[in-house]
Amino acid sequence: MSNPINLIIVLVVAFSPLVIYALLCIRKNKSEKDDDAWETTTARLTGDEEAFTPEDKGTHGFYKAPDQKTEYQIVYTVDGVEYTKYINETEAAGSKNGTVRIKYYKKRPQRFKVM
């Protein structure tokens, strides 16, 4: 018969990485939901567009009629580093004079949300 202590040690060693990963994910999500972790700035639309047609299969395996999607390039600067990202048509529709208000995550400025 196996020793119950050995079984407990094996279970702890096997599941500890999963528990640590879950705790880190919870901590990350809490910090990103905090409003103090985000900063507001203005990004400018550069006028560059990227049009693409996503492939989309219908329910019976046939391809649907393709919808062309357009994304607009924005540029913003944080601490002297310039970031270039793309936003969709809906987000770009709220632009005024070629600018868009965004919030970026202070710890990782490449993460942003259009306001």
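Now for a look at the structure at hand. Please read all numbers here as calculations on a predicted model, not as lab measurements.

**As for the overall build of the protein chain**
Then, number 1: Of regular secondary structure, the protein chain possesses two helices and five strands.
Then, number 2: When its helices and strands are written in sequence order, the protein chain yields α-β-β-β-α-β-β.
Then, number 3: Every one of the 115 residues in the protein chain was classed for burial, and the buried ones make up 17%.
Then, number 4: Put simply, of all contacts in the protein chain between residues at least 6 apart along the chain, 51% involve residues at least 24 apart.
Then, number 5: With the model as given, the accessible surface of the protein chain reaches about 9100 Å², and the carbon-plus-sulfur share is 54%.

**Looking at the sheet that holds strand 3 (residues 81–88)**
Then, number 1: What the five strands build is an open sheet, ordered 3-2-1-4-5; its pairing is antiparallel. Looking along the sheet, the strands with just one partner apiece sit at the ends: strand 3 and strand 5 (112–114). The mean angle between the axes of side-by-side strands here comes to 40°, regardless of whether they run parallel or antiparallel.
Then, number 2: Relative to strand 5, strand 4 (residues 99–105) runs antiparallel, the two being bridged by three bridges. Within strand 5, the position partnered with Tyr104 by the bridge is Phe112.

**Quick look at the pattern of salt bridges**
Then, number 1: Here the structure, examined in full by the defined rule, presents one salt bridge.
Then, number 2: Across the pair Lys106 and Glu39 runs a salt bridge whose closest N-O atoms are separated by 3.7 Å. One end of the pair, Lys106, is in the loop between strand 4 and strand 5; the other, Glu39, is in strand 1 (residues 38–52), and 67 residues separate them in sequence.
Then, number 3: Lys106 gets classed as partly exposed once you look at its relative accessible area, which sits at 44%.
Then, number 4: For Glu39, a relative accessible area of 33% gives the class partly exposed.

What counts and how
Residues numbered from 1 in each chain as written. Predicted model: local features only at pLDDT ≥ 70, side-chain atom pairs only at ≥ 80, totals over all residues. Heavy atoms only, no water. Helix = DSSP H or I, 4+ residues; strand = E, 2+ residues; numbered from the N terminus. Buried < 20%, exposed > 50% of the residue type's maximum accessible area, 1.4 Å probe, protein only. Contact = heavy atoms within 4.5 Å. Areas by Shrake-Rupley, 256 points an atom, 1.4 Å probe, with all protein chains shown as cover. Pairing = 2+ DSSP bridges. Axes fitted to C-alpha atoms, helices over the stretch in contact; angles between N-to-C directions. Salt bridge = Lys/Arg side-chain N within 4 Å of Asp/Glu carboxyl O.

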